[in-house]
Protein chains: 2
Amino acid sequence: MEPLESLFRPRSVAVVGASRNPKKLGHVILKNILEGGFEGDIIPVNPKADEILGLKAYDIDSMPRTDTAVISIPAKYVPEAIEKLGKKGVKSAIVISSGFAEVGNVDLQRSLVKAARKHGMRVLGPNCAGLINAFHKYYPTFEVRVKPGKAAFVTQSGALGGAVLMELYSLDKGLGVFVSYGNAADVNEADLIEYLKEREELDAIAFYIEGLHEGRRFVEALKGAKNVYVLKGGKTEAGSKAASSHTASLSGDRAMFRSIVGAYARILNDTRELFLAIDAMNYGLKRVRRVAILTNSGGPGVLAADELDKLGLELPDLSSYDRSFLPPFASRRNPIDMAAGADYDVIYKSMKVLNEAPEVDGILFIFVPPIHIPAENAVKAIIDAEPKKPVVAVLMGGSFVKNARVMLEKHGIPVVSHPEDGAKLISLGLSP
Amino acid sequence: MEPLESLFRPRSVAVVGASRNPKKLGHVILKNILEGGFEGDIIPVNPKADEILGLKAYDIDSMPRTDTAVISIPAKYVPEAIEKLGKKGVKSAIVISSGFAEVGNVDLQRSLVKAARKHGMRVLGPNCAGLINAFHKYYPTFEVRVKPGKAAFVTQSGALGGAVLMELYSLDKGLGVFVSYGNAADVNEADLIEYLKEREELDAIAFYIEGLHEGRRFVEALKGAKNVYVLKGGKTEAGSKAASSHTASLSGDRAMFRSIVGAYARILNDTRELFLAIDAMNYGLKRVRRVAILTNSGGPGVLAADELDKLGLELPDLSSYDRSFLPPFASRRNPIDMAAGADYDVIYKSMKVLNEAPEVDGILFIFVPPIHIPAENAVKAIIDAEPKKPVVAVLMGGSFVKNARVMLEKHGIPVVSHPEDGAKLISLGLSP
């Protein structure tokens with residue numbers, strides 16, 4: 001088994017530093033692997049315990065050989081543990097432990113890498129939050145376990161990773177692959193994109209990067225990758241200084257990063273766009289060029305049109321279509337403003353027209369519930385019309401549109417709360 | 001009583017078209033005025049009812065004179081009603097009814113205006129959602145009644161107004177003044193800014209505008225106004241076309257709008273910034289120039305620094321301060337990265353230092369709860385340190401930071417979910 005393959009899809013895993021104490025990371029990680037439904041062997045490694053969470057525990061010398069290991073023990077013991085695992089033929093390790101280069105212990109980190117290289121092992125971390133591969137039911141991380149999804153998120157900042165996972169969990173959204181690569185002592189973003197872009201189960205990958213460890217290799221790998229989104233930390237003078245304190249990353253020439261990486265990847269501007277990209281990936285949203293806005297409310301329709309225009313998407317003229325079912329003064333161009341009285345019938349018929357309109361690739365549906373038309377009725381019309389094209393819905397009105405949101409999401413239609421977010425989301429669709 | 005004053009602060013109000021039928025707007029509006037706690041006389045006007053919601057009802061001929069009226073009857077009867085009200089000495093009216101210029105009935109709208117002018121009445125609308133003046137406990141609108149706040153929002157799009165009110169309601173946030181001015185047949189954004197900028201209870205006003213009805217007067221009035229935020233619909237070619245269909249507004253030269261209006265008002269870029277401006281107003285957030293970022297998480301700190309830099313705020317160097325209480329490798333510059341282990345003690349001491357640092361005007365606090373440090377502990381440190389400067393908090397992690405968010409908000413500290421939103425919010429503070 002290739003080392004990187006063993007990191008993401010092992011048949012067996014040892015948790016070095018597994019603990020009976022629920023406050024220890026070694027406990028939380030073991031529990032996540034167990035409860036995540038990992039189907040291979042799980043070996044807790046702790047010289048002082050016989051059994052942890054119902055599994056027989058070993059010390060590191062007597063443990064059976066595994067494909068990979070997750071290590072959460074004090075930093076100073078890590079190189080020796082790597083040495084012992086390597087000798088046994090363990091192919092890779094996730095080093096959760098902190099206390100290496102990020103606090104000045106550069107030599108200790110070097111010994112870790114040296115031990116790994118000696119045995120041909122690959123190491124993720126140290127000082128990282130671990131990873132998730134939901135496609136393999138594998139959750140070697142101390143972060144909250146989100147439900148499976150199709151999106152992949154790879155992050156240099158563990159804290160941002162944790163924040164994203166907690167927010168996704170709270171929104172009942174999922175993730176397919178998550179990687180926190182911490183100090184990147186060995187495995188870095190170039191290795192990760194080379195490995196992940198070949199995974200058939202992944203259509204796209206989002207990265208948070210402060211600085212590239214092997215810029216040339218990363219860009220080369222990007223060239224063959226289909227859908228890569230990159231959020232860059234350190235885009236400005238101040239942010240760049242902050243990044244150099246944080247991960248000792250040279251964020252490098254910022255304009256150059258944008259132009260070179262931007263040639264092969266979609267550049268995300270902020271955390272909000274990162275979440276939208278995750279939505280696009282999870283819903284398998286297809287890329288579109290010509291968008292029809294179907295709205296019951298003028299102002300939000302105008303704001304969405306503004307944003308689509310800014311993003312370079314087209315709003316084809318739709319005035320030639322039969323829309324006798326619209327009220328006489330409703331705007332028939334694009335946005336199609338059905339006006340506040342639009343109910344199930346008008347929305348259903350409008351959607352049917354857009355289904356067939358050849359100049360429309362995708363539909364941005366915007367709805368603000370007027371006082372006597374519940375949002376549930378409106379979204380039922382969308383679902384019943386069986387959209388033949390990518391649809392993104394903007395449902396405005398907080399708790400007043402909560403049920404309607406769930407209805408659409410169940411039918412595979414992503415929902416956002418603001419018109420500009422709708423425009424951004426539909427602009428982030430994936431190429432086939 | 002001046003007509004505009006009677007529109008916002010009447011001593012008595014007639015609801016023309018009041019109804020016993022809870023599905024009618026005339027019922028909802030009457031109920032909102034009643035339940036909102038209006039302290040003046042409330043007169044339901046309906047020729048077919050004796051009593052509505054416990055109040056004696058009148059027909060329009062026999063009703064006692066009131067300062068103002070809210071009208072929700074079929075469009076064709078509105079000019080006559082205005083005529084009768086004007087004769088009685090009613091000073092102003094909110095015309096909720098639609099069916100005027102927005103559906104091509106330009107002549108009917110002209111008769112309405114003519115009748116009002118004849119009697120020196122001022123009219124808000126028609127085709128509007130009404131207004132809210134929480135300072136006067138006055139809620140003549142069919143929209144959801146949000147709790148009182150200090151923010152003011154004036155909107156040309158009723159649907160956007162409704163969407164904003166529903167979202168604020170769902171977030172348990174408030175509003176002091178809300179105005180939907182619909183077709184602007186009489187009262188337009190120039191009248192509104194002239195009137196509202198003189199109100200001592202208002203520190204700031206946010207506008208959603210698609211096109212100016214009296215551009216020169218509006219800009220003149222802006223010059224004397226302290227804090228005005230403007231979200232413009234129709235900023236692009238596509239949006240501008242959409243706006244002209246929507247409100248028949250000439251959104252005019254877009255670059256010129258931005259440069260002229262932008263000279264005296266803060267231009268908001270999207271709906272999200274509109275909500276942030278409403279937060280800034282509600283919390284009375286003061287304007288700052290030099291910001292310290294205090295964070296327990298590097299990546300989000302970097303992203304906030306990027307955004308502050310983009311917005312033109314300064315991040316003063318803070319490396320000279322005593323921060324012996326920080327871990328040795330924590331970044332001491334700005335962002336001050338306390339690292340993931342930062343607990344109550346470290347956060348409290350850091351805040352105390354920032355309280356006294358003369359080169360810091362405001363503080364952006366960023367917290368992502370690590371696995372064993374609850375967000376409640378972190379925000380308690382902020383509260384206990386008794387901030388002497390404007391603080392904006394970014395709490396990341398969805399439901400994991402829900403209680404902490406409430407704690408801070410109760411202490412007058414606004415909270416957002418993403419680092420870039422935090423930077424934007426602190427950039428939207430009010431001048432004194």
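Residues numbered from 1 in each chain as written. Chains lettered and ligands numbered in written order. Predicted model: local features only at pLDDT ≥ 70, side-chain atom pairs only at ≥ 80, totals over all residues.

Focus on the overall build of chain A
A count of helical and extended segments in chain A gives 15 helices and 18 strands. Rg of the C-alpha trace for chain A: 25 Å, near the compact-globule value of 22 Å for 432 residues, within the 12% margin. Along the three orthogonal principal directions, the C-alpha set of chain A runs to about 80 × 50 × 35 Å. In chain A, which comprises 432 residues, the share counted as buried stands at 59%. (Helix = DSSP H or I, 4+ residues; strand = E, 2+ residues; numbered from the N terminus. Rg over C-alpha atoms; globule rule 2.2 N^0.38 Å. Buried ≥ 20, exposed ≤ 12 C-beta atoms within 10 Å, placed from the backbone.)

Describing the environment of B:Phe135
Residues and elements named next belong to chain B. As for its position among the elements, Phe135 is in the loop between strand S8 (130-133) and strand S9 (147-155). For Phe135, a count of 17 C-beta atoms within 10 Å puts it in the partly exposed group. Once you skip the residues sitting within four places of it in the chain, Phe135 turns out to touch Gly176 and Glu201. (Contact = placed C-beta atoms within 7 Å.)

A word on the domain arrangement of chain A
Accessible area lost on assembly of the parts is the figure often given for the size of an interface. All names here are of chain A. Along its sequence, chain A is organised into domain 1 (1-127), domain 2 (143-282) and domain 3 (291-427). Once you take the C-alpha centre of each, domain 1 and domain 2 turn out to be 24 Å apart. On the side of domain 2, nine residues touch domain 1, which itself brings 17 residues to the contact. Sorting the residues of the side of domain 1 that touches domain 2 by element identifies helix H2 (25-35), helix H4 (106-118) and strand S7 (122-124) as the ones contributing at least two each. Per-element tally for the side of domain 1 that touches domain 2: the top contributor is H4, with four residues. Its residues placed into classes, the side of domain 1 that touches domain 2 shows nine nonpolar, five polar and three charged. (Domains from an automatic or database assignment. Nonpolar A, V, L, I, M, F, W, Y, C, P; charged D, E, K, R; others polar.)

Here we look at the packing of helix H5 (residues 158-170) of chain A against helix H11 (residues 298-310) of chain B
With their axes 5 Å apart at the nearest point, H5(A) and H11(B) run at an angle of 90 degrees to one another. Classified by the interaxial angle, the pair formed by H5(A) and H11(B) is roughly perpendicular. When H5(A) is examined against H11(B), the residues A:Ala159, A:Leu160 and A:Ala163 are found in contact with a partner set consisting of B:Gly298, B:Gly299 and B:Pro300. Across the contact of H5(A) with H11(B), the residue classes break down as four nonpolar, two polar and no charged. (Axes fitted to C-alpha atoms, helices over the stretch in contact; angles between N-to-C directions. Parallel < 35°, antiparallel > 145°, perpendicular 65-115°, else oblique.)

Brief notes about the sheet that holds S9(B)
The strands making up a sheet associate through backbone hydrogen bonding, with each pair oriented either parallel or antiparallel. Residues and elements named next belong to chain B. A sheet is described by the order of its strands in space; here six strands give the open sequence S8-S10-S9-S11-S12-S13, paired in mixed fashion. The open sheet has two edge strands, S8 and strand S13 (266-268), and neither has a second partner. Going from strand to strand, the sheet's axes swing by 30 degrees on average, the running direction of each strand aside. Here S8 runs beside strand S10 (residues 174-180); their pairing, made up of four bridges, is antiparallel. Its bridge partner being in S10, Ile132 is matched across the sheet by Phe178. Relative to the sheet, helix H5 (residues 158-170) contacts S9, S10 and strand S11 (205-209), its axis offset from that of S10 by approximately 170 degrees. (Pairing = 2+ DSSP bridges.)

Describing the relation of the copies chain B and chain A
When chain B is fitted to chain A, the residual RMSD is 0.0 Å, and the transformation amounts to a turn of 180 degrees plus an axial shift of 0.0 Å. The relationship between the two copies is best expressed as a two-fold rotation axis. It is B:Arg272 whose C-alpha, among those of chain B, lies nearest the rotation axis, at 5.3 Å. Taken together, the interface assignments show that 100% of the residues at the interface of chain B recur at the interface of chain A, consistent with an identical surface on both copies. (Least-squares fit on C-alpha atoms with pLDDT ≥ 70 in both.)

Some details on the packing of helix H10 (residues 271-282) of chain A against helix H15 (residues 419-427) of chain A
Residues and elements named next belong to chain A. In contact at an axis separation of 9 Å, H10 and H15 are set at 55 degrees when each is read in the N-to-C sense. For the element pair H10 / H15, the angle class is oblique. For the pair H10 and H15, the sense of crossing is right-handed. For the pair H10 and H15, contact is made by Glu273, Leu276, Asp279 and Ala280 and by Asp421, Lys424 and Leu425, respectively. Looking at the contact of H10 with H15, its residues break down into three nonpolar, no polar and four charged. (Left-handed = near helix turned anticlockwise from the far one by under 90°.)

Focus: the interface of chain B and chain A
Taken together, the contact pairs 65 residues of chain B with 65 residues of chain A. Broken down by secondary-structure element, the contributors of at least two residues to the side of chain B that touches chain A are H5, helix H8 (237-247), helix H10 (271-282), H11 and helix H15 (419-427) of chain B. Of the residues belonging to the side of chain B that touches chain A, the class tally is 28 nonpolar, 22 polar and 15 charged.

Comments concerning the pairing of strand S2 (residues 41-45) of chain A
On a regular strand, each side chain points to the face opposite its neighbour's, so the side chains alternate between the two faces of the sheet. Residue and element names in this part refer to chain A. Here strand S1 (residues 12-16) runs beside S2; their pairing, made up of five bridges, is parallel. Paired with Val15 across the strands is Pro44, a residue of S2. Between the parallel pair S1 and S2, the chain is carried across by H2, and the sense of this crossover is right-handed. (Right-handed = clockwise from strand over helix to strand, strands pointing away.)

Observations concerning the environment of A:Phe153
Residue and element names in this part refer to chain A. Tracing the chain through its elements places Phe153 in strand S9 (residues 147-155). Spatially, the C-alpha atoms of Phe153 and Ala339 are 40 Å apart, while their sequence positions differ by 186 residues. Apart from the residues within four sequence positions on either side, Phe153 is in contact with Val164, Leu175, Phe178, Ala206 and Ile278.

Brief notes about the pairing of strand S5 (residues 68-71) of chain B
Residues and elements named next belong to chain B. Covered by surrounding structure in S5 are Thr68 and Val70 together with Ala69 and Ile71, the residues of both alternating faces. Inspection of the sheet shows strand S1 (residues 12-16) paired to S5 by four bridges, in the parallel sense. Directly across from Val13, in S5, lies its bridge partner Thr68. With helix H3 (residues 78-88) bridging S5 and its parallel neighbour strand S6 (residues 92-95), the resulting β-α-β unit is right-handed.

Here we look at the sheet that holds strand S6 (residues 92-95) of chain A
Residues and elements named next belong to chain A. Strand order in the open sheet made by the five strands is S2-S1-S5-S6-S7, with parallel pairing throughout. Each edge of the open sheet is held by one strand with a lone partner, namely S2 and S7. The sheet shows a mean angle of 20 degrees between the axes of neighbouring strands, taken without regard to direction. Where S6 lies against S7, three bridges are found, and the strand directions are parallel.

Concerning helix H14 (residues 402-410) of chain A
Residue and element names in this part refer to chain A. Residues of H14 that are buried include every one of Ala404, Met407 and Leu408, and no others. Looking straight down H14, one finds that the buried residues subtend no more than 95 degrees of arc, so they occupy a single side. Directly after H14, the chain includes Gly412, whose backbone phi takes a positive value near 80 degrees. (Arc of directions from axis to C-beta.)

What about unusual backbone geometry?
Going from A:Asn334 to A:Pro335, the amide bond is cis rather than trans, its omega being 10 degrees. Topologically, A:Pro335 is positioned in the loop between helix H11 (298-310) and strand S15 (336-337). At A:Glu386, a residue that is not glycine, the phi angle is positive and equals roughly 45 degrees. Mapped onto the elements, A:Glu386 comes out in the loop between helix H13 (375-384) and strand S17 (391-395). Given 10 C-beta atoms within a 10 Å radius, A:Glu386 is considered exposed. At B:Leu53, a position not held by glycine, the phi torsion is positive, near 50 degrees. Here B:Leu53 lies in the loop between strand S3 (51-52) and strand S4 (55-56). A count of 18 C-beta atoms within 10 Å places B:Leu53 in the partly exposed class.

Observations regarding the environment of A:Met256
Turning to its location among the elements, A:Met256 is positioned in helix H9 (residues 254-264). Measuring from C-alpha to C-alpha, the distance between A:Met256 and A:Ser431 comes to 25 Å, with 175 residues separating the pair along the chain.

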